[in-house]
Amino acid sequence: MTLQQLTTLYRPISLEEMKSVKLMNRIDTKFVMPVETLCQLLDMARADYRMQDTEAGGRNACYHTVYMDTGRYEMYRAHVVGHAGRQKIRVRSYVDSGLHFLEVKTKNNHGRTRKKRVSVQWQIATEGTPADTLLTFDRGQLAATLQGETLAFVDEKLRYDAQALQPVIENRFRRITLVNSAMTERLTIDTGLQFDNLRTGRHLELPAMAIVELKRDGRQPSPVLAMLQQLRIHPQGFSKYAMGLALTDPELHPGRLKPRLIKVWRKYM
């Protein structure tokens, strides 16, 4: 069955029901696999998971993200050398519903990820289908966003100077979200990943890749782990921010990302 066919077979879960599994302070485990393998996984998981269904985005929603960093790429460099307590800042747009959030993500040295966010005004232009959504970007938009309460939020949550921030890369993808029957975890599934580097101008698409992320509050038992083991899929980190930059800017040193970059080049490009 195709990915689209499989999404129709799941029991739905609404956004209202999803409120109890926000998991803003959580442990994340990522898995990277071909879309063909993802279809096998979705077929295996139907009895144990429900699929988020929204009026605006249906079951395979369109996401758009703009990541920011300092002029010296300090957040990227902290990631590629493996610093504990690293951070990311981005504007995440839920394209179908027209919602936009400025988000700060912090990963501590115990592997926990904490996400804090605030709603912002952000302009996006759609060309063609939602999958072709592009950023309407000008340098003034970020400056206009980092004002008042939003600037105070960034100053409180981010360890870097807000005035030094600049947009460096954007991505877009489609996301399916599953919730287990016990309501203790979320599984996000991203496909159709595309990057646009705002410094180099390079565009990259990875249509054959799927990124599955298991999000749990603590190490709760997870039904999907046995399925992934059966499919011989093992945990593999994939930061859309760091990997996107490394794949689209040859001047940035990949550091510890290099083995993952080689895998992506060989398998998906």
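Once a new chain begins, its residue numbering starts again from 1 and follows that chain's sequence as written. Selection of residues for local features in this predicted model requires a pLDDT of at least 70, selection of side-chain atom pairs for listing and counting requires 80 or more, and totals for whole chains, interfaces and linings are taken over all residues. Side-chain numbers come from the whole structure's heavy atoms, not from hydrogens or water.

Thoughts on empty space enclosed by the protein
Here comes step 1: Think of a 1 Å grid over the protein atoms and nothing else: a 1.4 Å probe that fits but is trapped marks a cavity, an open set flanked by protein within 12 Å on at least five of seven lines marks a pocket, and residues with an atom within 4 Å of a point count as lining. Grid points are joined across faces, edges and corners, and a volume is the space filled by probe spheres set on the points. Counting across every chain of the model gives one cavity of 30 Å³ or more.
Here comes step 2: There is about 50 Å³ of room inside the largest cavity.
Here comes step 3: Every residue lining the largest cavity is listed: Gln52, Thr54, Gly58, Arg59, Ala61, Tyr63, Arg175, Ile176 and Thr177.
Here comes step 4: Counting only elements with at least two residues in the lining of the largest cavity, the list comes to strand S4 (61-70) and strand S10 (165-180).
Here comes step 5: A run of H or I in DSSP becomes a helix once it reaches four residues, and a run of E becomes a strand once it reaches two; helices and strands are each numbered from the N terminus. The dominant element in the lining of the largest cavity, judged by the number of residues it contributes, is S10, at three residues.
Here comes step 6: Broken down by class, the residue content of the lining of the largest cavity amounts to three nonpolar, four polar and two charged. In this classification, the charged set is Asp, Glu, Lys and Arg, the nonpolar set is Ala, Val, Leu, Ile, Met, Phe, Trp, Tyr, Cys and Pro, and all remaining amino acids, among them Gly, are polar.

A closer look at the nonpolar core
Here comes step 1: Think of a nonpolar core as a cluster: buried Ala, Val, Leu, Ile, Met, Phe, Trp, Tyr and Cys residues, connected wherever their side-chain atoms sit within 4.5 Å. Only protein chains enter the calculation, and the probe is 1.4 Å; a residue is then buried if its accessible area is under 20% of its type maximum, exposed if over 50%, and partly exposed in between. Core analysis: the biggest nonpolar cluster contains 30 residues, and Tyr76, Leu206, Met209, Phe238, Tyr241, Leu245 and Leu257 have the highest contact counts within it.
Here comes step 2: At the level of elements, S4, helix H4 (74-80), S10, strand S11 (185-197), strand S12 (203-216), helix H8 (240-248) and helix H9 (258-268) are the ones that each hand at least two residues to this core.
Here comes step 3: Top contributing element to this core by residue count: H8, with six residues.
Here comes step 4: Whether two residues touch is decided by their heavy atoms; if any such pair falls within 4.5 Å, the residues are in contact. Setting aside anything within four residues of it in sequence, one finds Tyr241 in contact with Tyr67, Met68, Asp69, Tyr73, Met75, Tyr76, Lys88, Val168 and Ile169.
Here comes step 5: With 25 residues, the next largest nonpolar core counts Leu3, Leu42, Ala45 and Ile233 among its residues.

A few points about the pattern of salt bridges
Opposite charge on two side chains permits pairing when their charged atoms draw close.
Here comes step 1: Just to be clear on terms, a salt bridge is a Lys or Arg side-chain nitrogen sitting within 4 Å of an Asp or Glu carboxyl oxygen. Counted by the stated rule, this structure contains 13 salt bridges.
Here comes step 2: A salt bridge links Arg46 to Asp43; its shortest N-O distance comes to 3.7 Å.
Here comes step 3: For the salt bridge of Glu103 with Arg90, the shortest nitrogen-to-oxygen distance reads 2.7 Å. With a gap of 13 residues between them, Glu103 in strand S6 (residues 99-107) and Arg90 in strand S5 (residues 87-94) connect regions that are remote in the sequence. As far as burial versus exposure is concerned, Glu103 and Arg90 are alike and both buried.
Here comes step 4: Shared partners join several salt bridges into a network, and the residues in it are Arg90, Glu103, Lys115 and Arg117.

Description of the pairing of S4
Here comes step 1: Of all 10 residues in S4, 10 are buried; the element is thus mostly enclosed.
Here comes step 2: Where burial is concerned, the two faces of S4 agree: the one with Ala61, Tyr63, Thr65, Tyr67 and Asp69 and the one with Cys62, His64, Val66, Met68 and Thr70 are both buried.
Here comes step 3: In terms of strand pairing, S4 meets S5 through six bridges, oriented antiparallel. Residue pairing in the sheet places Met68 in a bridge with Ile89 of S5. Two strands qualify as a pair provided DSSP detects at least 2 bridges between them.

Points about the packing of H8 against H9
Here comes step 1: Where H8 contacts H9, the axes come no closer than 11 Å and their chain directions differ by 70 degrees. For the element pair H8 / H9, the angle class is roughly perpendicular. Along this stretch, H8 crosses H9, giving a crossing that reads as right-handed. From H8, Met243, Ala246 and Leu247 reach across to H9, where they touch Arg260, Leu261, Val264 and Trp265.
Here comes step 2: Residues that form the contact of H8 with H9 fall into these classes: six nonpolar, no polar and one charged. Helix axes use the C-alpha atoms of the stretch in contact, all axes being lines fitted to C-alpha atoms, and the angles between their N-to-C directions lie in the range 0 to 180 degrees. Should an angle fall under 35 degrees it is called roughly parallel, over 145 degrees roughly antiparallel, and 65 to 115 degrees roughly perpendicular, with every other angle called oblique. Whether a crossing is left-handed or right-handed is set by the direction in which the near helix is turned from the far one by less than a right angle, anticlockwise for left-handed and clockwise for right-handed.

Description of the environment of Met68
Here comes step 1: Of note, Met68 is situated in strand S4.
Here comes step 2: Taking relative accessible area as the criterion, Met68 reaches 2% and is therefore assigned buried.
Here comes step 3: The sequence separation of Met68 and Ser239 amounts to 171 residues, and the corresponding C-alpha distance is 14 Å.
Here comes step 4: Those residues in contact with Met68, other than ones at most four positions away along the chain, are Met75, Ile89, Arg90, Val91, Leu102, Leu142, Gln166, Pro167, Val168 and Tyr241.

Digging into the side chain of Arg90
Here comes step 1: Residue Arg90 is classed as buried on the basis of its relative accessible area of 6%.
Here comes step 2: Counted as a polar contact is a pair of N or O atoms within 3.5 Å, where, for protein atoms, one must be capable of donating a hydrogen and the other of accepting one, and residues adjacent in sequence contribute only when both atoms are in side chains. Within the structure, the side chain of Arg90 is placed 3.4 Å from the side chain of Tyr67, a separation counted as a polar contact.
Here comes step 3: Polar side-chain contacts of Arg90 include one of 2.7 Å to the side chain of Glu103.
Here comes step 4: When residues no more than four places from it in sequence are discounted, the contact partners of Arg90 are Thr65, Val66, Tyr67, Met68, Phe101, Leu102, Glu103, Lys105 and Lys115.

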